[in-house]
Amino acid sequence: MDKYLIVGLGNVGTEYDMTRHNTGFMVLDAFAKASNIVFADKRYGFVGETTLKGRKVFLLKPSTFMNLSGNAVRYWLNKENIDQSRLLVVSDDVALPLGQFRLKGSGSNGGHNGLGHIQQLIGQQYARLRMGIGNDYPQGMQIDYVLGRFTSEELQLLQPTLDLSVDIIKSFVLAGIDVTMNQYNKLGKKSPISPKDNEQ
């Protein structure tokens, strides 16, 4: 049976719930909710399992804190003997507007601490889904911004993308990275409609 590892990056602890830096966790939570998957507290992270059309899928929310995420990724790839081509990492990205996303088959870490540590341990050859959180913060305030919580308005804008990310993960598992990028990246460039735009 082919095995896949889907990793959502974030920081553990209630003080980090719904923060922008935990968007990766939020994507995995959305996937788990849609598929009735329950996470169990295991080595290096919270792990959920499911099967999609004969393929085994592991969901991983590392408990290592963001800047050591690579430890969890490498451990679970090795433990379950999962090929790196079947790894998808979901992270937040300040370079993309809130609600937009990019799916890539490989590439640099873009200054993201979690992706940076993964790259140190396994290289750049793995798929990643970068979820835009915007960059509406004063100069020098990036850390406060990414560790701050989404506002209710921001969550409203993000929700359709969280819902879509469930389909993206399924497509990655069933159709592969190239087909999934071709199908979804054009959707990821669309600016979400702000709640105000819906009010007549």
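The notes below deal with the structure included here. (Residues numbered from 1 in each chain as written. Predicted model: local features only at pLDDT ≥ 70, side-chain atom pairs only at ≥ 80, totals over all residues. Heavy atoms only, no water.)

### Notes on the sheet that holds strand 3 (residues 45-52)
Selection criterion: In short, DSSP must find at least two bridges between two strands for them to pair. Think of it this way: any DSSP run of H or I at least four residues long counts as a helix, any run of E at least two long counts as a strand, and we number them from the N terminus. Every angle, taken between N-to-C directions, lies between 0 and 180 degrees, and every axis is a line fitted to C-alpha atoms, over only the stretch in contact when it is a helix. Any pair of residues with heavy atoms lying within 4.5 Å of one another is described as a contacting pair.
With mixed pairing, the seven strands of this open sheet are ordered in space as 2-3-4-1-5-7-6. Pairing within the sheet leaves two strands with one partner each, and these edge strands are strand 2 (40-42) and strand 6 (101-104). Across the sheet, the axes of successive neighbouring strands diverge by a mean angle of 25°, strand direction being ignored. Two elements, strand 1 (residues 3-8) and strand 4 (residues 55-62), share five bridges in a ladder whose sense is parallel. By the bridge assignment, Tyr 4 is partnered in strand 4 with Val 57. Across the sheet, helix 1 (residues 23-35) touches strand 1, strand 3, strand 4, strand 5 (87-93) and strand 7 (127-132), and the angle it forms with strand 4 is around 140°.

### As for helix 3 (residues 113-122)
Helical periodicity: at 3.6 residues per turn, an α-helix aligns residues three or four positions apart in one direction. To keep it simple, the criterion reads: The classification of residues rests on relative accessible area computed with a 1.4 Å probe and restricted to protein chains. Under 20% of the type maximum is buried, over 50% is exposed, and intermediate values are partly exposed.
Taken as a whole, helix 3 has its buried residues at Gly 114, Leu 115, Gly 116, His 117, Ile 118 and Ile 122. Next to the buried residues of helix 3 lie helix 2 (69-79) and strand 5.

### With respect to the nonpolar core
Across soluble globular proteins, you tend to see nonpolar side chains buried next to one another. What counts, and what does not: Side-chain atoms within 4.5 Å are what join buried Ala, Val, Leu, Ile, Met, Phe, Trp, Tyr and Cys residues into a set we call a nonpolar core.
Counting residues in each nonpolar core, the largest one holds 35 residues, and the members touching the most others are Ile 6, Leu 59, Leu 88 and Leu 129. Listing elements by their share of this core, those giving two or more residues are strand 1, helix 1, strand 4, strand 5, strand 6, strand 7, helix 4 (142-146) and helix 5 (152-175). For this core, the element with the highest residue contribution is helix 5, accounting for eight residues. Beyond its immediate stretch of four places on either side in the chain, Ile 6 contacts Leu 28, Val 57, Phe 58, Leu 59, Leu 60, Leu 88, Ile 169, Phe 172 and Val 173. Membership of the second largest hydrophobic core comes to 18 residues, among which are Val 47, Leu 115, Ile 118 and Tyr 126.

### Overview of the packing of aromatic side chains
To be explicit about the condition: Two rings from Phe, Tyr or Trp (for Trp, the six-membered ring) form a pair when their centres are within 6.5 Å of each other. A pair whose planes differ by under 30 degrees is stacked, one over 60 is edge-to-face, and the rest are tilted. In our convention, an over-ring charge means Lys NZ or Arg CZ found within 6 Å of a ring centre and within 35 degrees of that ring's normal.
Taken as a whole and judged by the stated rule, the model has five aromatic pairs. With centroids separated by 5.5 Å and ring planes inclined at 85°, the aromatic side chains of Tyr 75 and Trp 76 adopt a geometry described as edge-to-face. With a relative accessible area of 4%, Trp 76 lands in the buried category. Across the ring face of Tyr 4, the terminal group of Arg 86 is positioned such that the distance to the ring centre comes to 5.6 Å.

### What about the side chain of Thr 23?
Its location among the elements puts Thr 23 in helix 1. The contact partners of Thr 23, leaving out residues within four places of it in the chain, are Leu 9, Asp 92, Met 131, Ile 133, Phe 150 and Leu 158.

### Some details on unusual backbone geometry
Positioned with a positive phi, Tyr 44 is a non-glycine residue whose angle comes to about 65°. Note on placement: Tyr 44 falls in the loop between strand 2 and strand 3.

### Looking at the packing of helix 2 against helix 3
For any two helices packed against each other, the geometry comes down to the angle between their axes and how far apart the axes lie. Counted only if it meets this: Our angle categories are set so that under 35 degrees counts as roughly parallel, over 145 as roughly antiparallel, 65 to 115 as roughly perpendicular, and the remainder as oblique. Left-handed describes a crossing whose near helix is turned anticlockwise from the far helix through less than a right angle; right-handed describes the clockwise counterpart. Note on residue categories: nonpolar means Ala, Val, Leu, Ile, Met, Phe, Trp, Tyr, Cys or Pro, charged means Asp, Glu, Lys or Arg, and polar means any other residue, Gly included.
Contact geometry of helix 2 with helix 3 gives a least axis separation of 7 Å together with a crossing angle of 45°. In terms of orientation, helix 2 lies oblique with respect to helix 3. The two elements helix 2 and helix 3 meet at a crossing, and its hand is right-handed. Judged by residue contacts, Ser 69, Gly 70, Asn 71, Val 73, Arg 74 and Leu 77 of helix 2 engage Gly 114, His 117, Ile 118, Leu 121 and Ile 122 from helix 3. In the contact of helix 2 with helix 3, the residues fall into five nonpolar, five polar and one charged.

### Some words on helix 6 (residues 177-188)
The criterion, for reference: Note that the arc is defined by the directions from the helix axis to the C-beta atoms.
Here helix 6 has its buried residues at Thr 180, Tyr 184, Asn 185 and Gly 188. The buried residues of helix 6 occupy an angular sector of 115° when projected down its axis, which confines them to one face. Residues of helix 6 that are exposed and angled more than 90 degrees away from the buried face: Asp 178, Asn 182 and Lys 186. Lining the buried residues of helix 6 we find strand 6 and helix 5.

### Remarks on the packing of helix 5 against helix 6
For the pair helix 5 and helix 6, interaxial distance at closest approach is 8 Å and the crossing angle is 160°. Judged on the interaxial angle alone, helix 6 and helix 5 are roughly antiparallel. Considering only the axes of helix 5 and helix 6, their crossing is right-handed. Of helix 6, the residues touching helix 5 (which contributes Leu 164, Asp 167, Ile 168, Ser 171, Phe 172 and Ala 175) are Ile 177, Val 179, Thr 180, Gln 183, Tyr 184 and Leu 187. Class assignment of the residues belonging to the contact of helix 5 with helix 6 gives a composition of eight nonpolar, three polar and one charged.

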